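The chain contents come next:
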Amino acid sequence: MKKELIFLGPPACGKGTQTNLLAEHFGYPHIDTGSLLRAEIASGSENGSIAKQFIDKGQLVPVWLVGEIIKNRLSQEDCKKGFILDGFPRSLEQAEMLEEIREHIDGDEEVDFRATYFDIEIDELVSRIVNRRSCPKCGEIYNLKSKSPKNEGKCDVCGTELTQRKDDNEETAHARFDTYFRETAPLIEYYKSKNELSSIDAKGTIDEVWERLLKVVE
Ligand code: AMP
């Protein structure tokens, strides 16, 4: 049965790293709204410049904008076999929007739909955010403290110069946590009440979390 998997958890809880691995594992597209929005900004489009104003403040981009992007992406051919959604939905309104989109793309087909919550204390996450670097070419994620690249500043996978996201600074990080608790955390109860939620302990090494994740999604 095809899977449609979504993920909840605070900023820098490790979702990006794990969902990238998962997409590779299942051969599904990895759809990450943060990256799609950053690509929109890089393209110089009007929607990109609107999105930038919200991202720079650590707030959610308006639902009409992110909804348009996600609707287009989920309607593409490669999503018919299943998908991994990282960073969407992030509010109750977006969760309802996702249900509508899924009704449209799945029809009567039986689907294994599941939300996985990355359960982690937030104490160390701001430090994770400010030490995070990523490869603009292949998307590989590093941390200067816990997963530094072998050659300073260069991606281990493709050798590209690593970059730091503009919103990965301390001030915006705090705003992103506020947004998370206000808008996104209520989704944990929402999916629990629909019997669609699994939780994993997201503390530990990448390998440890990966083993726990596989147990709940396979
Ligand atoms: P992320 O890469 O997931 O940390 O997202 C970076 C930023 O993009 C967030 O702080 C939001 O401003 C914006 N963003 C990403 N996903 C969404 C979404 N589903 N709804 C609204 N804004 C989003």
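Higher on the page you've got the structure.
Every value quoted in this text rests on a predicted model; they were computed, and no experiment measured them.

Draft legend 1. How the structure looks around the side chain of T19. Take T19: it is sitting in helix α1 (residues 15–26). For T19, a relative accessible area of 0% puts it in the buried group. Among the polar contacts made by the side chain of T19, one reaches the main-chain carbonyl oxygen of G16 at a distance of 3.3 Å. Discounting residues that sit within four places of it in the chain, T19 has contacts with F7, H30, I84 and D86.

Draft legend 2. Quick look at the site of the ligand. In the vicinity of the ligand, 16 residues are found, and the nearest of them are T33, Q59, G87, R90 and Q94. For the ligand, a nitrogen atom lies 2.9 Å from a polar atom in the side chain of T33. Between an oxygen atom of the ligand and a main-chain N or O atom of Q59, the distance comes to 2.6 Å. For the ligand, the accessible surface in isolation is 480 Å², of which the surrounding protein chains cover 95%.

Draft legend 3. Expanded view of the packing of aromatic side chains. Within the structure shown, the criterion is met by five aromatic pairs. The interplanar angle of 80 degrees and the centroid separation of 5.0 Å between the aromatic rings of Y190 and Y191 together place this pair among those described as edge-to-face. With respect to class, Y190 is no different from Y191; both count as buried. Among the aromatic residues, ring-to-ring pairing joins F113, Y190 and Y191 into one connected group. Geometry around Y142 places K147 over its ring, the cationic atom sitting 5.0 Å from the centre.

Draft legend 4. Quick peek at the sheet that holds strand β1 (residues 2–8). Judged by pairing direction, the sheet is parallel, and its five strands sit side by side in the order β2-β3-β1-β4-β7 without closing on themselves. The outermost strands of the open sheet, each flanked by one partner alone, are β2 (30–32) and β7 (197–201). Adjacent strand axes in the sheet meet at a mean angle of 20 degrees when their direction is disregarded. Two elements, β1 and strand β4 (residues 111–119), share seven bridges in a ladder whose sense is parallel. The residue of β4 that forms the bridge with I6 is A115. Docked against the sheet, helix α9 (residues 206–217) engages β1, β4 and β7, running at close to 160 degrees with respect to β7.

Draft legend 5. Fine view of the environment of P29. Take P29: it is sitting in the loop between α1 and β2. In sequence terms P29 and K80 are 51 residues apart; their C-alpha atoms lie 9.9 Å from each other. When neighbours within four sequence positions are excluded, P29 is seen to be in contact with A23, R73, D78, C79, K81, G82, F83 and I84.

Draft legend 6. Spatial organisation of the pattern of salt bridges. For the structure shown, the criterion picks out 21 salt bridges. With a closest N to O distance of 4.0 Å, R182 and E183 form a salt bridge. Residue E183 is classed as partly exposed on the basis of its relative accessible area of 29%.

Draft legend 7. Seen up close, a negative patch on the surface. Negative charge collects at one region of the surface, where D119, E121, D123, E124, D201, D207, E208 and E211 lie side by side. Here the negative patch gets three residues from one element, more than from any other, and that element is α9. Mapped onto the elements, E208 comes out in helix α9. Assessed through its relative accessible area of 39%, E208 is described here as partly exposed.

Draft legend 8. Summary view of the environment of S91. Along the chain, the position of S91 falls in the loop between β3 (83–86) and α5 (92–106). When the C-alpha atoms of S91 and K3 are compared, they prove to be 21 Å apart, with 88 residues separating the residues in sequence.

Draft legend 9. View of the side chain of E4. Here E4 lies in strand β1. Setting aside residues up to four positions removed in sequence, E4 forms contacts with F83, R102, D106, V111, D112, F113 and R114.

Rules used throughout
- Residues numbered from 1 in each chain as written.
- Predicted model: local features only at pLDDT ≥ 70, side-chain atom pairs only at ≥ 80, totals over all residues.
- Heavy atoms only, no water.
- Helix = DSSP H or I, 4+ residues; strand = E, 2+ residues; numbered from the N terminus.
- Buried < 20%, exposed > 50% of the residue type's maximum accessible area, 1.4 Å probe, protein only.
- Polar contact = N/O pair within 3.5 Å; in protein donor to acceptor, adjacent residues only side chain to side chain.
- Contact = heavy atoms within 4.5 Å.
- Near = heavy atom within 4 Å.
- Areas by Shrake-Rupley, 256 points an atom, 1.4 Å probe, with all protein chains shown as cover.
- Phe/Tyr/Trp six-rings, centres within 6.5 Å; stacked < 30°, edge-to-face > 60°.
- Lys NZ or Arg CZ within 6 Å of the ring centre and 35° of its normal.
- Pairing = 2+ DSSP bridges.
- Axes fitted to C-alpha atoms, helices over the stretch in contact; angles between N-to-C directions.
- Salt bridge = Lys/Arg side-chain N within 4 Å of Asp/Glu carboxyl O.
- Patch = residues over 30% accessible without salt bridge, like charges linked within 9 Å, V, L, I, M, F, W, Y side chains within 5 Å.
- Lys, Arg positive; Asp, Glu negative; His and termini not counted.
- Charge placed at Lys NZ, Arg CZ, Asp CG, Glu CD.

In short, the description is geometric, and any link to function would need to be established separately.
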